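Coordinates in review
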Amino acid sequence: MIKEIAGGVCAAKGFTAAGVHCGVKEGSDPAKKDLALILSETECQAAAVYTTNRVKAAPIYVTMEHLEDGVCRGIIANSGNANACAPESHENALEMCTMAATATGLKAQDFVVASTGVIGQTIRLAPIQAGLPGLVKELAHSPEASDAAANAIMTTDTRKKEIAVAVEIGGKTVTIGAVAKGSGMIHPNMGTMLCFITTDCAITHEMLQDALHEVVPRTFNRVTVDGDTSTNDMCVVLANGLADNEQIEWKDDDYAAFTQALRYVCEQLARAIAADGEGASRLITCVVHHARSEDSAERLSKAVVGSALVKAAMFGADANWGRVLCAIGYSKAPFRPEYVDMKFVSAAGEVAVCEKGTGLAFDEELAKKVLTQEEVIIDVCLNEGDHEATCWGCDLTYDYVKINGDYRT
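Residues numbered from 1 in each chain as written. Predicted model: local features only at pLDDT ≥ 70, side-chain atom pairs only at ≥ 80, totals over all residues. Heavy atoms only, no water.

Scanning the protein from terminus to terminus reveals 11 helices and 15 strands. For the protein, the C-alpha radius of gyration of 22 Å lies close to 22 Å, the compact-globule estimate for 409 residues. If one aligns the C-alpha atoms of the protein with their principal axes, the spans along those axes are about 70 × 50 × 35 Å. When the 409 residues of the protein are sorted by exposure, 56% land in the buried category. At a minimum sequence separation of 6, the contacts of the protein that also span at least 24 residues come to 80%. (Helix = DSSP H or I, 4+ residues; strand = E, 2+ residues; numbered from the N terminus. Rg over C-alpha atoms; globule rule 2.2 N^0.38 Å. Buried < 20%, exposed > 50% of the residue type's maximum accessible area, 1.4 Å probe, protein only. Contact = heavy atoms within 4.5 Å.)

Here's what the structure looks like:
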């Protein structure tokens, strides 16, 4: 049983967090937190995955270096500046870790560093240095502390992304908590998002890394908002072992239980990121089932949620199912069009629109009601196999262009 609980990144034993405003971006709103810290009272096993963009921000490289030994104590992160492709960006990322270390009495190598915001502008370290003493003072093991950290990493997000779950592993209660950010410049393969996961599970670095690599391709890598993959994306998980379960060293039942809980956490955050796409008015979920393979089902599903024409149709609540069929047709995944069944599903009901590759007569009024809900599911049945995949996206609205037309300024 996976049970959702309160607490976010502070739900697991031994973790504290904080978020404050320090003014990373000159002239920013004093009410907007922009500096976050997550800290474990003991050393953690650590694992991470990073953006596939060949242009990577300096915090990515510094974090890679610091996690070479597979251990970590904390995460320092800022919004307001990506610290990417700017003068002295690598040195500044290292200096952020040194500042965090000085403020906490630890070593610079003990920290993951992450940044999000505008690319190409030199990050202002003076506000960060000035803000760190207050940030450390705010560290707490509480839902409010996790909330502050979650808000501090937001950029164009309209709502925070936070979750925590409890699961029984080896007779002990293990907790996994997380915060994430992501709204625009999101595409499969880790797109403009940061995700920080904490757990008190006792697990080796190798098993933790394997679990993360199993989960991310089926969750975060199945999200698309606008087809752009960012320079700063990372997902990091820290495990301090304070749950006192028998350490997970093999891919046994305990490993399976942990991985299932981790997948639940990441899937809920992936859905939240897609639903909060820049300018979005609804979450679009595409389920492709009865496919020849999971890989082909994923490619087909990604093509649908990534289609600008499908996204625009969803914004207009237009049951233009031909755009869906067209999108799966150019996905280059194998399927037989004459076998395809399709329907739109939401809390308002469902409407079948295609059977065996041919359009059906349907109630346009009902279709409109189905497509105006907060989540719309595009259900595609290929009738060719036993595999399936689900991907998430959002509709394409006028506000997306407004937000990105002057994002830098």
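Now that the structure has been shown, the text picks up again.
Turning our attention to the pairing of strand β4 (residues 71-79). Most of β4 sits inside the fold, with nine of its nine residues counted as buried. Taken together, the seven bridges between strand β3 (residues 35-50) and β4 define a ladder with antiparallel strand orientation. Following the sheet pairing, cysteine 44 is matched in β4 by cysteine 72. Pairing analysis gives six bridges linking β4 to strand β5 (residues 111-116), with the strands arranged parallel. Note on β5: the bridge partner recorded for alanine 77 is alanine 114. (Pairing = 2+ DSSP bridges.)

Before going further, it helps to spend a moment on the pattern of salt bridges. Following the criterion strictly, the structure yields 16 salt bridges and no others. Close ionic contact of glutamate 214 with lysine 251 constitutes a salt bridge, the shortest N to O distance being 4.0 Å. Of the two residues, glutamate 214 sits in helix α5 (residues 205-215) while lysine 251 sits in the loop between β9 (234-239) and α6 (253-275), which places them 37 residues apart along the sequence. The class of glutamate 214 is partly exposed, set by a relative accessible area of 33%. For lysine 251, a relative accessible area of 52% puts it in the exposed group. Here glutamate 294 and arginine 222 are joined by a salt bridge, their closest N and O atoms 2.8 Å apart. Separated by 72 residues along the polypeptide, glutamate 294 in helix α7 (residues 294-306) and arginine 222 in the loop between α5 and β9 bring together distant segments of the chain. Through salt bridges with shared partners, a single network forms among Arg218, Arg222, Glu294, Glu298 and Lys302. (Salt bridge = Lys/Arg side-chain N within 4 Å of Asp/Glu carboxyl O.)

Our next topic: the environment of valine 310. Here valine 310 lies in helix α8 (residues 308-315). For the pair valine 310 and alanine 327, spaced 17 residues apart in the sequence, the C-alpha separation amounts to 8.1 Å. In contact with valine 310, not counting residues within four places along its chain, are Val304, Arg323, Val324 and Ile378.

Before going further, it helps to examine the sheet that holds strand β14 (residues 375-381). On the basis of which strands lie adjacent, the open sheet formed by six strands has the order β13-β12-β11-β14-β10-β15 and mixed pairing. Looking along the sheet, the strands with just one partner apiece sit at the ends: β13 (358-359) and β15 (387-394). Pairing between strand β11 (residues 341-346) and strand β12 (residues 349-355): five bridges, direction antiparallel. Looking at the pairing, valine 345 lines up with glutamate 350 of β12.

Packing of helix α2 (residues 89-104) against helix α3 (residues 125-138) brings their axes to within 10 Å, and their N-to-C directions diverge by 25 degrees. The orientation of α2 with respect to α3, classified from their angle, is roughly parallel. Crossing of α2 against α3: the hand is right-handed. For the pair α2 and α3, contact is made by Asn92, Glu95, Met96, Met99, Ala100, Ala103 and Thr104 and by Leu125, Ile128, Gln129, Leu132 and Val136, respectively. Class assignment of the residues belonging to the contact of α2 with α3 gives a composition of eight nonpolar, three polar and one charged. (Axes fitted to C-alpha atoms, helices over the stretch in contact; angles between N-to-C directions. Parallel < 35°, antiparallel > 145°, perpendicular 65-115°, else oblique. Left-handed = near helix turned anticlockwise from the far one by under 90°. Nonpolar A, V, L, I, M, F, W, Y, C, P; charged D, E, K, R; others polar.)

Moving on to the environment of glutamine 45. For glutamine 45, the position within the fold is in strand β3. Sequence separation of glutamine 45 and glycine 8 is 37 residues, and the distance between their C-alpha atoms is 19 Å. Residues in contact with glutamine 45, not counting those within four places in the same chain, are Gly70, Val71, Ile203, Thr204, His205, Leu208, Val237, Leu238 and Ala239. Polar contacts involving the side chain of glutamine 45 include one to the main-chain amide nitrogen of histidine 205, which spans 3.4 Å. (Polar contact = N/O pair within 3.5 Å; in protein donor to acceptor, adjacent residues only side chain to side chain.)

Time to look at the packing of helix α1 (residues 58-66) against α2. Across the interface, α1 lies against α2 with an axial gap of 8 Å and an inter-helix angle of 55 degrees. Between α1 and α2, the crossing angle belongs to the class labelled oblique. Crossing hand, α1 versus α2: right-handed. Contacts between α1 and α2 pair Ala58, Pro59, Tyr61, Val62, Glu65 and His66 from the former with Ser89, His90, Ala93, Leu94 and Cys97 from the latter. Looking at the contact of α1 with α2, its residues break down into seven nonpolar, three polar and one charged.

Attention now moves to α6. Counted at 1.5 Å a residue, the expected span for α6 with its 23 residues is 33 Å, and the 33 Å between its end C-alpha atoms agrees. When we look at burial in α6, the residues that qualify are Tyr255, Ala257, Phe258, Thr259, Ala261, Leu262, Val265, Cys266, Leu269, Ala270, Ile273 and Ala274. (Expected span 1.5 Å × (residues − 1).)

To continue, consider the nonpolar core. Grouped together as the largest cluster of nonpolar side chains are 41 residues, with contacts concentrated most on Ile197, Phe220, Phe258 and Leu262. With 11 residues, the single largest contributor to this core is α6. Every residue in contact with phenylalanine 258, bar those within four places of it in the chain, is listed here: Ile169, Ile176, Thr199, Cys201, Ile203, Leu208, Ala211 and Ile248. Ranked by size, the runner-up nonpolar core spans 35 residues in total, among them Ala317, Val324, Val340 and Met342. (Core = buried A, V, L, I, M, F, W, Y, C linked by side-chain atoms within 4.5 Å.)

Purely spatial values, then, with no claim about function.
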